[in-house]
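So you can see what is in the structure, the chains are spelled out below.
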Amino acid sequence: MRFRQIISLFFVLFTLVNCDTSLMVQGTGVLRDAARKFELRNSNRTVIYIPMRHLGTRVYYDHIQNTVDSLQKSGYVVFYESIAYQVDSAAQRDLYDRKFRKLTGNRLGLQQCIETPEDTSRVLRAPMYRKLGQRIISQPDYSFFRVDYKTAVNADIPKNKLLDEFEYLYGTINLDACDFKTPLNEPYSCKSMKAALKNKFDKEFIMKKREENLASLVADAPQQKILILFGTSHFKGFLRNLQARDPKWIQIK
């Protein structure tokens, strides 16, 4: 019996090492096919918030595509999440990428065991939660969801501005030789920032500032019908900030 337990433990560890995202797939909700929606109202204004996931099934994203297409046809304007850079050169982007990696400790472009929208042949199958025929893909570009870019609003803050504000408040993110030597798509083993600074960046910038920004844009927007495509974890903070600006905003569902 003890031998079997050892073998089982070895299998679990092997799975974690070779596909460290797979064991947590179920818990993160990426196996859910149906997209949730939150509806908010204030007098004659309506906001529908679709909580986006960075990983999901093709059926899940197809459902969002149909929802976006339908709501746009009925007059909704999309406010979407995107911390895409606003920089003048590839060299600037490279520098910001290395600072971001230094601060978060994450390898950029990490797609372990996950198929990308451009490569539908790679499939993530979670060994502990196998679902027949299930395909997990990373979130497609907004063009996949048929977002009308002529009217859509980028309701986010560029990553370079988040990093600039962080450095203004907490000091320069100093890079060393290891940071410049290690390619951005390779495993990162250089000395990272202190945990306290990482937590500040996550709570104050990745979460709080972006939620405040989204609430501000929605509150002041002239549109009567707004469809928000933003991360699942940001909804509560967004709603709290929106209602702080105007308590008349109420959640319908």
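Residues numbered from 1 in each chain as written. Predicted model: local features only at pLDDT ≥ 70, side-chain atom pairs only at ≥ 80, totals over all residues. Heavy atoms only, no water.

(A) Focus on the overall build of the chain. From N to C terminus, the chain includes 8 helices and 8 strands. Per-residue burial for the chain yields a buried fraction of 43% across its 253 residues. Sequence-distant contacts in the chain: of pairs separated by 6 or more residues, those separated by 24 or more amount to 75%. Roughly 14500 Å² of accessible area belongs to the chain as shown, and the carbon and sulfur atoms make up 53% of that amount. (Helix = DSSP H or I, 4+ residues; strand = E, 2+ residues; numbered from the N terminus. Buried < 20%, exposed > 50% of the residue type's maximum accessible area, 1.4 Å probe, protein only. Contact = heavy atoms within 4.5 Å. Areas by Shrake-Rupley, 256 points an atom, 1.4 Å probe, with all protein chains shown as cover.)

(B) Representation of the state of the cysteines. On inspection of all chains with the given rule, the structure shows 1 disulfide. The side chain of Cys 178 participates in a disulfide bridge whose partner is Cys 190; the two sulfur atoms lie 2.0 Å from each other. Disulfide Cys 178-Cys 190: torsion about the S-S bond near -80 degrees, hence left-handed. Highlighted residues: Cys 178 in helix H6 (residues 177–181) and Cys 190 in the loop between H6 and helix H7 (195–220), separated in sequence by 12 residues. Overall, the relative accessible area of 10% leaves Cys 190 in the buried class. (Disulfide = S-S within 2.5 Å.)

(C) Quick look at the sheet that holds strand E6 (residues 153–154). In space, the 6 strands of this open sheet follow the order E6-E4-E7-E2-E1-E8, with mixed pairing throughout. The open sheet is flanked by E6 and strand E8 (250–251), the only strands paired with a single partner. The strands touched by helix H3 (residues 58–73) are strand E2 (45–52), strand E4 (77–80) and strand E7 (225–231); relative to E2, the strand with the most contacts, the crossing angle is about 165 degrees. Set on the sheet, helix H8 (residues 235–245) makes contact with strand E1 (38–42), E2, E7 and E8; between it and E1 the angle comes to about 5 degrees. (Pairing = 2+ DSSP bridges. Axes fitted to C-alpha atoms, helices over the stretch in contact; angles between N-to-C directions.)

(D) How the structure looks around helix H4 (residues 90–104). Between its first and last C-alpha, H4 extends 21 Å over 15 residues, near the 21 Å set by a 1.5 Å rise per residue. Among the residues of H4, Tyr 96, Asp 97, Arg 98, Lys 99, Phe 100, Arg 101, Lys 102 and Leu 103 are the ones counted as buried. Positive backbone phi, approximately 80 degrees, marks Gly 105, located one or two places after H4. (Expected span 1.5 Å × (residues − 1).)

(E) A look at the packing of H4 against helix H5 (residues 159–170). Relative orientation of the contacting elements H4 and H5 amounts to 60 degrees, with a least axis distance of 10 Å. Here H4 is positioned oblique relative to H5, judged by the angle of their axes. Remark: the crossing between H4 and H5 carries left-handed chirality. Note on element contacts: H5 touches H4 through Lys 159, Asn 160, Leu 163, Asp 164, Phe 166 and Glu 167, opposite Tyr 96, Asp 97, Lys 99, Phe 100 and Leu 103. Of the residues that constitute the contact of H4 with H5, the class distribution is 5 nonpolar, 1 polar and 5 charged. (Parallel < 35°, antiparallel > 145°, perpendicular 65-115°, else oblique. Left-handed = near helix turned anticlockwise from the far one by under 90°. Nonpolar A, V, L, I, M, F, W, Y, C, P; charged D, E, K, R; others polar.)

(F) Just the packing of H5 against H7, in detail. Relative to each other, H5 and H7 sit at 130 degrees, their axes nearing to 11 Å. Classed by the angle they form, the pair H5 and H7 counts as oblique. The way H5 lies across H7 gives a crossing that is right-handed. The residues of H7 that touch H5, namely those facing Leu 162, Leu 163, Glu 165, Phe 166, Leu 169 and Tyr 170, are Leu 197, Lys 200, Phe 201, Glu 204, Phe 205, Ile 206, Lys 209 and Arg 210. Partitioning the contact of H5 with H7 into residue classes produces 9 nonpolar, no polar and 5 charged.

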